[in-house]
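# An overview of the molecular structure
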Amino acid sequence: MTAPISFSGIESGLNTTAIINALMAAYEQPLNNLQTEQTNLNTQMSDYQTLNSDLLNLQQAGDALATPGAYNQAFSVSSSDSAIATGSVTSGSGAGSVTFAVDQLATGSTQISAGTVSATNDVVASGDYLVGSGGAVLGIQSFAGTSSLATGAHSISVTQASAGASASGTSSVAQSTTIGSTNNTITANIDGTAYTFTIASGTYTTSQLAQAVQQSSGGLLTASVSSSGIMTVATAQQGSSASLQITGGTALTSLGMSAGSTTYGTNGIINVDGTANTISNISASGATQVTLTSGTGGTITANLAGPLTIGSMTAQNVSVGNGSLASVVSAINAANAGVTATALQVGTNSYALEITSNSTGLVGAATIDTQAFSGSSLGVMQTTTAAQNAIVSVGGTGGYQVSSDTNQLTGLIPGVTVQVSQVSSSPVTLTVSADGTNIANQVQTLVNAANKALSDIATFTAYNESTNVAGPLNDQAAALNGLSQQILSLVGNAVGTSVVGADGTGESAGLSITSSGTIQFDKTAFIQAYDANPSAVQAMFTVGGTFTQSGSTYAGQVSVSGASNVTQSGSYAVVISQSATQAVDTGSATFSSSSSTLASAESYTITSGTQSATYAATAGESIANVISGIKASMAAAGIGVSAALTGSSGAYSVQLSSANYGSAVSFTVTASGTDQLGLTSAGSTYSGKDVAGTIDGQTAVGTGQMLSLNNSSSPANGLVLQVTATGITSATPVGTINYSPGIAQSLASLSANAILGPSGLIASSISGIQNTLTSLTPEITTQQQLVATEKKMLVQEFTKMEEALAQLSSQSQFLKYSSGSSSSTTSSSSGSLSGSSLSGG
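Please read these numbers as outputs of a predicted model, since none were measured by experiment. (Residues numbered from 1 in each chain as written. Predicted model: local features only at pLDDT ≥ 70, side-chain atom pairs only at ≥ 80, totals over all residues. Heavy atoms only, no water.)

### Focus: the overall build of the protein
The helix and strand tally for the protein stands at 12 helices and 49 strands. In terms of overall dimensions, the protein is more spread out than a globule: its C-alpha atoms have a radius of gyration of 46 Å, far above the 28 Å expected for 841 residues. Viewed in the frame of its principal axes, the protein has a C-alpha envelope of about 195 × 80 × 55 Å. Among the 841 residues that make up the protein, the fraction classed as buried is 43%. Sequence-distant contacts in the protein: of pairs separated by 6 or more residues, those separated by 24 or more amount to 69%. Surface accessibility of the protein: about 38,300 Å² in total, with carbon and sulfur atoms responsible for 50%. (Helix = DSSP H or I, 4+ residues; strand = E, 2+ residues; numbered from the N terminus. Rg over C-alpha atoms; globule rule 2.2 N^0.38 Å. Buried < 20%, exposed > 50% of the residue type's maximum accessible area, 1.4 Å probe, protein only. Contact = heavy atoms within 4.5 Å. Areas by Shrake-Rupley, 256 points an atom, 1.4 Å probe, with all protein chains shown as cover.)

### Quick look at the sheet that holds strand β19 (residues 288–293)
In space, the 3 strands of this open sheet follow the order β6-β20-β19, with antiparallel pairing throughout. At either end of the open sheet lies a strand with only one pairing partner, and these are β6 (140–145) and β19. Strand-to-strand twist across the sheet, computed as the mean angle between neighbouring axes with direction ignored, equals 25°. Pairing geometry for β19 and strand β20 (residues 299–304), over 6 bridges, is antiparallel. By the bridge assignment, glutamine 289 is partnered in β20 with asparagine 303. (Pairing = 2+ DSSP bridges. Axes fitted to C-alpha atoms, helices over the stretch in contact; angles between N-to-C directions.)

### Describing helix α9 (residues 534–541)
Turning to α9, its buried residues number three or more, namely Pro534, Val537, Gln538, Met540 and Phe541. Projected onto a plane normal to the axis of α9, the buried residues spread over an arc of 150° and lie on a single side. Projecting away from the buried face of α9 at angles above 90 degrees are the exposed residues Ser535 and Ala539. (Arc of directions from axis to C-beta.)

### Topic: the sheet that holds strand β4 (residues 110–113)
Read from one edge to the other, the open sheet built from 4 strands follows the order β22-β23-β4-β25, with strand pairing classed as antiparallel. Taken across any chain shown, the strands that pair with only one partner, and hence form the sheet edges, are β22 (339–347) and β25 (381–385). Within this sheet the neighbouring strands show an average axis-to-axis angle of 30°, counted without direction. Pairing analysis gives 8 bridges linking β22 to strand β23 (residues 350–357), with the strands arranged antiparallel. When the sheet's bridge partners are listed, glycine 347 is paired in β23 with serine 350. Helix α5 (residues 325–334) contacts β22 and β23 of the sheet and is inclined by roughly 155° relative to β22.

### Things to note about the pattern of salt bridges
Side-chain pairs of opposite charge can arise where the charged atoms are in close proximity. Applying the stated rule across the entire model yields 2 salt bridges. In this structure, the salt-bridge partner of aspartate 54 is lysine 452, at a minimum N-O distance of 3.1 Å. Of this pair, aspartate 54 sits in helix α1 (residues 16–66) while lysine 452 sits in helix α6 (residues 437–460); the two residues are 398 residues apart in sequence, bridging distant segments of the chain. For lysine 452, a relative accessible area of 40% puts it in the partly exposed group. With its nearest N and O atoms 2.6 Å apart, the salt bridge here joins lysine 452 to aspartate 456. (Salt bridge = Lys/Arg side-chain N within 4 Å of Asp/Glu carboxyl O.)

### Quick word on the nonpolar core
Core analysis: the biggest nonpolar cluster contains 84 residues, and Phe100, Val420, Ile519, Phe526 and Phe541 have the highest contact counts within it. With 13 residues, α1 is the single largest residue contributor to this core. With residues near it in sequence (within four places) discarded, isoleucine 519 still touches Val447, Ala450, Asn451, Leu454, Ile487, Leu488, Val491, Leu511, Ser512 and Ile513. Counting residues in each nonpolar core, the second largest holds 26 residues, with Phe591, Ile623, Ile630 and Ala637 among its members. (Core = buried A, V, L, I, M, F, W, Y, C linked by side-chain atoms within 4.5 Å.)

### Digging into unusual backbone geometry
In this model, asparagine 349 sits at a positive phi of 50°, which is unusual for a non-glycine residue. Within the element layout of this structure, asparagine 349 appears in the loop between β22 and β23. On the basis of relative accessibility, which here comes to 55%, the residue asparagine 349 falls in the exposed class. Its identity as a non-glycine residue notwithstanding, aspartate 696 has a phi of 60°, on the positive side. For aspartate 696, the location among the structural elements is in the loop between β45 (692–695) and β46 (698–703).

### Observations concerning the environment of asparagine 448
The topology assignment puts asparagine 448 in helix α6. Considering only alpha carbons, one finds asparagine 448 and glycine 396, 52 residues apart in sequence, at a separation of 48 Å.

### Observations regarding the confidence of the model for the protein
The predicted model of the protein averages 87 in pLDDT, with 93% of residues at 70 or higher. Contacts from residues 1–7, a stretch scored under 50 in pLDDT, to residues over four places away or in other chains number 1 contact. Every residue in residues 825–841 is under pLDDT 50, and counting partners more than four places away or in other chains gives 0 contacts. (pLDDT = per-residue confidence, 0-100.)

### A word on the environment of serine 312
In this fold, serine 312 is placed in strand β21 (residues 311–319). In sequence terms serine 312 and glutamine 59 are 253 residues apart; their C-alpha atoms lie 48 Å from each other. Not counting residues within four places of it along the chain, the set of residues in contact with serine 312 comprises Leu138, Ile156 and Ser157.

### Some words on helix α8 (residues 523–532)
All of the buried residues along α8 are Ala525, Phe526, Ile527 and Tyr530. Buried residues along α8 sit against β30 (424–434), α6, β34 (519–521) and α9. Of the residues that open α8, the one with a side-chain oxygen 3.1 Å from the backbone nitrogen of threonine 524 is aspartate 522. (Polar contact = N/O pair within 3.5 Å; in protein donor to acceptor, adjacent residues only side chain to side chain.)

### Digging into the environment of serine 592
The residue serine 592 is located in the loop between β38 (582–586) and β39 (602–608) in this model. Put simply, serine 592 and isoleucine 766 are 174 residues apart on the chain and 76 Å apart in space, counted from C-alpha to C-alpha. When sequence neighbours within four positions are dropped, the list of residues in contact with serine 592 reads Gly650 and Tyr652. Of the polar contacts made by the side chain of serine 592, one reaches the side chain of serine 596; its length is 3.1 Å.

### A look at the packing of α1 against helix α11 (residues 742–755)
One way to put it is that α1 packs onto α11 with a least axis distance of 7 Å and a crossing angle of 145°. As for how α1 packs across α11, the hand of that crossing is left-handed. Listed contacts from α11 to Asn52, Leu55, Leu56, Leu58, Gln59, Gly62, Asp63, Leu65 and Ala66 of α1 are Ala744, Gln745, Leu747, Ala748, Ser751, Ala752, Ala754 and Ile755. Its residues assigned to classes, the contact of α1 with α11 shows 11 nonpolar, 5 polar and 1 charged. (Left-handed = near helix turned anticlockwise from the far one by under 90°. Nonpolar A, V, L, I, M, F, W, Y, C, P; charged D, E, K, R; others polar.)

The following block contains the structure:
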């Protein structure tokens, strides 16, 4: 709609609109003042919000560099031959190197039918077909289901690993042992048959000696040497049907062994759908065929190859439909059993069945019924590519071997993943060295964030003397410029000076403060400094501190693990009242040596959280073998508890201990029999304890070995210490921690304190502006109402004036007209009379 037409001063001739505006100008001044103040405050709010964003970015950049974990990627891996192997840093790595030979690469399995059919709709099978993957890693070479086995998924797990009968030495083998005609024989009874083995003459390392013993037995025995130098020999045949007795021989002294009693192997247990199947005899050579009963009905015929290893797999018993090759392929692929089936065209009207594993290594190897199609033209399934793990020999060919189900290996160097690409007997060396490039990029981000904040503060608080124009936050220049000086001082103090000199002095790890009040960063200089001394450069940025112990007992046993953005630099007393402990169970039974044996069979079950592991020891089994079995069972179940022999000669005990510390760590132990190891004599549940104590005189919270202070009244609030001191059970002053935050943590803390909390400079300023704007709103509304009312009144008054003037004008015109008409009538009458009179006279 168009605005109404204004007839200003129609009657009066006055510009009433201008008069009203002039009268309102003074009346509107309070409103204009309030609106100007509102605009200025909104501008200030916007500027403070920009600074808030700047400081938040600075805080985040500082936090990213404040902890030691940020420097995990500050290393790179080089290879002496990248065609053979390369490496990449994952986390927690440090400088180091490893040399190894690549013995084999990981491959998946491929099996192809021996024969072919002329079309994919040719019938090749009937009934159901059992298929799965991962059997090889358990020790299951192949399997087949009976007709009564239900279709669908079947859980197969080895809950107890099999082992041969073993005997262990009582003293360590020498690092170098020479075998000759006077010390080269071992006599033993294996499964009741007496044998004499002759070790080949030569000078051997410990591992070479074990290999020589094994070779002398012709495959009847295996041999190994532990990290402590103890020789253990065991029957290649496994299960309780295997027995071994070392009876003598001239080599026993050199092997650290002695004649002993008969020991027996350990049965393997295969659980199928909840039903345990005990395997007492696993052949040393060739496959062992066993029948496994399923908990859901039916049986599985399995061919075992080698020892049973704890683990699990899922098999699928699938219906092959009409039995055609196409139907078999479709059924296998629909089962999602970790394998892929293909109707492979190998010629004109010639199709073979191919089954390949979907992943590499033994854990992914296809486990199938190789005879299922032998009644058709397909024939038996033949292995064309056997699944195998990648294996490397550390130190070179002949060194200890490390295996992986993929061509990536971890653990060779902490925090490094190794990728092997080519088999080579020639050793390759991977070297991890400091590489500051990634950290330099993060430092650049920190410097950019700091300079952005400095620049914005300078802009918002500036005063232009030539134009006499001040920045929106000029009235807060003192406080904000103080914040700028704090940023510059934190960096300047860390690099050793406040302003970089003309000769470059004052520059540290590429950082310097310029005379114009900005932070300068030389990335190349930083990388050079970091590569030369990564720990020193890292210490410039991270939270850290030194520990001054109260006595030599606690030297190095307290360190700074972390801090918050409110933790202040300073020295804080540390008092420990309880050391953190692991969950430990030390058996009450004692044994003369690791070769001591159990009198009767007994099972031990260790449970931690939702995971359980059971090991069934057999009568006559050595303590060393029992410990190994318990360890393997717990490892397979993912339980972070280790087993070891502890004590001294003649009085050894079995001890279970958790890897971690604290009350959150616990496990239970149960025994099926009389508890010959004494592991339940002190109860069934074992838990760790959290560290307890005070920091700066304030009670701190312990979690494992970490002691954290959460008390806002202490300047040490947010400080986290790692306390490794042991054996403390009452309040003990251990020393003083001298906390220093480093550049990154200092800038993060300064930023956080400015933007967080009601007392922070930015936070309080924004809050104050918001409160003022809130109070202005009703004032402006009131003034707007008053102005509108006043204007309306003036318009009404001038409108009335115009109306009155219009009325007066109308009356004036009427009177004027009325007066003129009366005079004309009088004149006419006079004329008539005069004429009449004259006429009459």
